[in-house]
Amino acid sequence: MSVIAIRKNMILQNMHSLKDINLFGRGQDCDIIIPEEYISRKHFIIESESENYFISNLSKKSIKLNRELLKDRVKLNHNDIIEIGNYELIFLQTFQEEEHRDTFDYRYQKNQNSTEFYILYVVKERVPSFYLFKSSFKNFINGYLVEFKENLLYIDNESFEIKETPFKYEYLDTKFELFKNDDRGFFKYHPFYGFYTQSESLINQFFKVWISSQSDFPIFLHGDTGSGKDVMANTIHKISKRDGEFIAINCSSIPENLWESELFGHKKGAFTGAEFEKKGAFQLAHNGTIFLDEIAEMPLDQQAKLLRVLEDKKVKMVGAEKYEKVNVRIISATHKNIFKLIEDGKFREDLLHRIYVFPITIPPLRDRLEDIVLYTKLFIRRLNEKMGSNKKITDSALEYLTEHFWPGNVRELKNTIERAYIISEDRIDKNDIYILKWKKDNPRNLQAIIDQTILETLIRNKFHKKKSYEELGISRSKLYRWIDDNSELLKGFDYE
């Protein structure tokens, strides 16, 4: 299976898995539609032949392949870049197993609600399991044969007609819940292994997490420091089909002379101080997931070595003579602007093409007012359970917390609540809350409220611009100008 990743102005728009014949253009009968006037109705075609893919130009307009004009029918190779105007289409060869084809397809991302598929949430002895599937699904789940076909759900040969979702059923010591792809309320009641939210913007990203977790494609997490990128990465691993370990590497904390040893391991005696053989992150995460946090801190020479490993799927220990095969899923993250780093020559563009297949953005806490209250009450409840107490928080204290900018995000909020809990008596009041001013605070002002309102309206309307500016009561040009001025805020959303 292979895919085409479509970028516009360096921002990933969407992805499509390739069929045997794939017609590209702006015509409605094309398999993959690119709605731009400068693109022909039938612009080019990608065809499969003997397990290879070939591209042919069908229009009179020019197409560039790896910066050279495309003249004849050409075989595509992994990471080839097709350029058309402001668009770049990246050809990616994957090693996804055939069985995944029926349960996962990136085309769902573009029209989530027009393609019918389901989420099955199963809890046995308080341990949750998650499954994403279309009709004609059959599998053993927690020891039970589960089948879904033509709106009938079979659990150990007992059938249930699914007239509406969500559907709930308890069988012996197991709870089954079935949701359709547009039942977004699911995420408010079934948090991702501790990732709670009431925010529509984050719930929208959770749906991407469901989709991406079922594949082996690399994932790139955007998010401020303390927003929970490590929790999100671990969540993706837990709900994936990988049975190996989850290994997290903080790229900002590795000494320069230990990079290769940390990632690929070393043999005994490979260098001074190597008194025993040590496996690296790639060996430890075989058949599992590696989380490269703050990957922007990785030195350029190590980026080149990482790129080679990702392409060859082989590593060699420091001091070893032979390579060994590894099967890992890469999740990368940074709080920095990775595209600006490429422009400044501090990050390799070819490596970004390899790891930036499926971007997910975790919105900062300051843009999720409802989650400030949610997390505050959650932290207090956990502290009460730990301390055997029953403290409450006043409304004035909650209001005070929502006025803070929270540059440290959820991590800062948690520390603040723990501090207030210790010094308070029966209840936590505003006077008990001490917020460290380690960064210049940015109190909410009118513009911040306007930005949040516009963003939430766009998300609610699935970025349908006409519906959004009519609901907001502003002009078309004002909304488009706001979108142009807030590209950083919209990073990770398909808003074109």
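So, how was this worked out
Every chain is numbered on its own, with residues counted from 1 as its sequence reads. Local features in this predicted model are restricted to residues of pLDDT 70 or higher, and side-chain atom pairs are both shown and tallied only at a pLDDT of 80 or more, whereas totals for entire chains, interfaces and linings draw on every residue. To obtain the side-chain values, all non-hydrogen atoms of the structure were used and water was disregarded. Definition used for salt bridges: Asp or Glu carboxyl oxygen within 4 Å of a side-chain nitrogen of Lys or Arg. Accessible area is worked out with a 1.4 Å probe on protein chains only. A residue is then buried under 20% of its type maximum, exposed over 50%, and partly exposed in between. The helix count covers DSSP runs of H or I at least four residues long, the strand count covers runs of E at least two residues long, and both are numbered beginning at the N terminus. Here, any two strands with at least 2 DSSP bridges between them count as paired. The contact criterion used is simple: two residues touch if any of their non-hydrogen atoms lie within 4.5 Å. The criterion is simple. A nonpolar core is a set of buried Ala, Val, Leu, Ile, Met, Phe, Trp, Tyr and Cys residues joined through side-chain atoms within 4.5 Å. Centres within 6.5 Å make a pair out of two Phe, Tyr or Trp rings, where for Trp the six-membered ring is used; the pair is then stacked when the planes are under 30 degrees apart, edge-to-face when over 60, and tilted otherwise. Here, a charge over a ring is recorded when the distance from Lys NZ or Arg CZ to the ring centre is within 6 Å and its angle to the ring normal is within 35 degrees. In predicted models, pLDDT denotes the confidence assigned by the predictor to each residue on a 0 to 100 scale.

Applying the stated criterion to the full structure yields 14 salt bridges. Look at the salt bridges and you will find they share partners, linking Glu47, Glu49 and Arg73 into a network.

Let us look at the pairing of strand S22 (residues 289–293). Among the five residues in S22, five count as buried, and that is most of the element. Side chains Thr289, Phe291 and Asp293 of S22 all project onto a buried face; the interleaved residues Ile290 and Leu292 project onto the opposite face, where all are buried too. Pairing between S22 and strand S25 (residues 329–334): four bridges, direction parallel. Within S25, the position partnered with threonine 289 by the bridge is arginine 329.

What follows concerns the environment of isoleucine 32. Here isoleucine 32 is to be found in strand S4 (residues 32–33). Considering only alpha carbons, one finds isoleucine 32 and isoleucine 45, 13 residues apart in sequence, at a separation of 9.9 Å. With near-sequence residues (within four places) excluded, isoleucine 32 lies in contact with Ile6, His16, Leu23, Phe24 and Gly25.

Side chains of nonpolar character tend, in soluble globular proteins, to be buried together. Formed by 33 residues in total, the largest nonpolar core has its most connected members in Phe282, Leu292, Phe347, Leu352 and Ile355. Among the elements of the structure, strand S21 (246–250), helix H4 (259–264), helix H5 (281–284), S22, helix H6 (300–312), helix H7 (338–343) and helix H8 (349–355) are those that each provide at least two residues to this core. Not counting chain neighbours up to four residues away, the residues in contact with phenylalanine 282 comprise Leu263, Phe264, Ile290, Leu306, Val309, Leu310, Val315, Val326, Val328 and Ile330.

Applying the stated criterion to the full structure yields nine aromatic pairs. Here phenylalanine 246 and phenylalanine 291 contribute two aromatic rings whose centre-to-centre distance is 6.4 Å and whose plane-to-plane angle is 20 degrees, an arrangement assigned as stacked. One end of the pair, phenylalanine 246, is in strand S21; the other, phenylalanine 291, is in strand S22, with 45 residues separating them in the sequence. Residue class for phenylalanine 291 comes out buried when judged on its relative accessible area of 2%. Of note, lysine 391 hangs over the ring of tyrosine 421, and the distance from its end group to the ring centre comes to 4.4 Å. A cation over a ring is seen here: arginine 476 above tyrosine 480, with NZ or CZ 4.5 Å from the ring centre.

This brings us to the pairing of S21. Here S21 shows a clear split, with Ile247 and Ile249 buried on one side and none of Phe246, Ala248 and Asn250 buried on the other. In this sheet, S22 lies alongside S21 in parallel orientation, the contact comprising five bridges. Residue pairing for S22: asparagine 250 is matched across the bridge by aspartate 293.

Residues at a pLDDT of 70 or more form 82% of the protein, whose mean pLDDT is 79. Throughout residues 95–114 the model reports pLDDT below 50, and contacts reaching past four residues in sequence, or to other chains, amount to 45 contacts. Below pLDDT 50 for its whole length, residues 438–444 participates in 14 contacts with residues either more than four positions away or in separate chains.

Further remarks concern unusual backbone geometry. Omega for the peptide link from threonine 165 to proline 166 comes to 0 degrees, which places this bond in the cis form. Along the chain, proline 166 turns up in the loop between strand S17 (158–161) and strand S18 (167–171). Positive phi, normally seen in glycine, also occurs at arginine 67, with a value near 75 degrees. Mapped onto the elements of the fold, arginine 67 is located in the loop between strand S7 (64–65) and strand S8 (68–69). Even without being a glycine, lysine 313 presents a positive backbone phi close to 55 degrees. Of note, lysine 313 is situated in the loop between H6 and strand S23 (314–315).

Bringing the environment of isoleucine 90 into the picture now. Topologically, isoleucine 90 is positioned in strand S11 (residues 87–93). Note on isoleucine 90: relative accessible area 4%, which makes it buried. With 11 residues separating them along the chain, isoleucine 90 and asparagine 79 place their C-alpha atoms 5.9 Å apart. Ignoring anything within four residues of it in the chain, the contact list for isoleucine 90 reads Val3, Ile4, Ala5, Arg7, Asn79, Asp80, Ile81 and His353.

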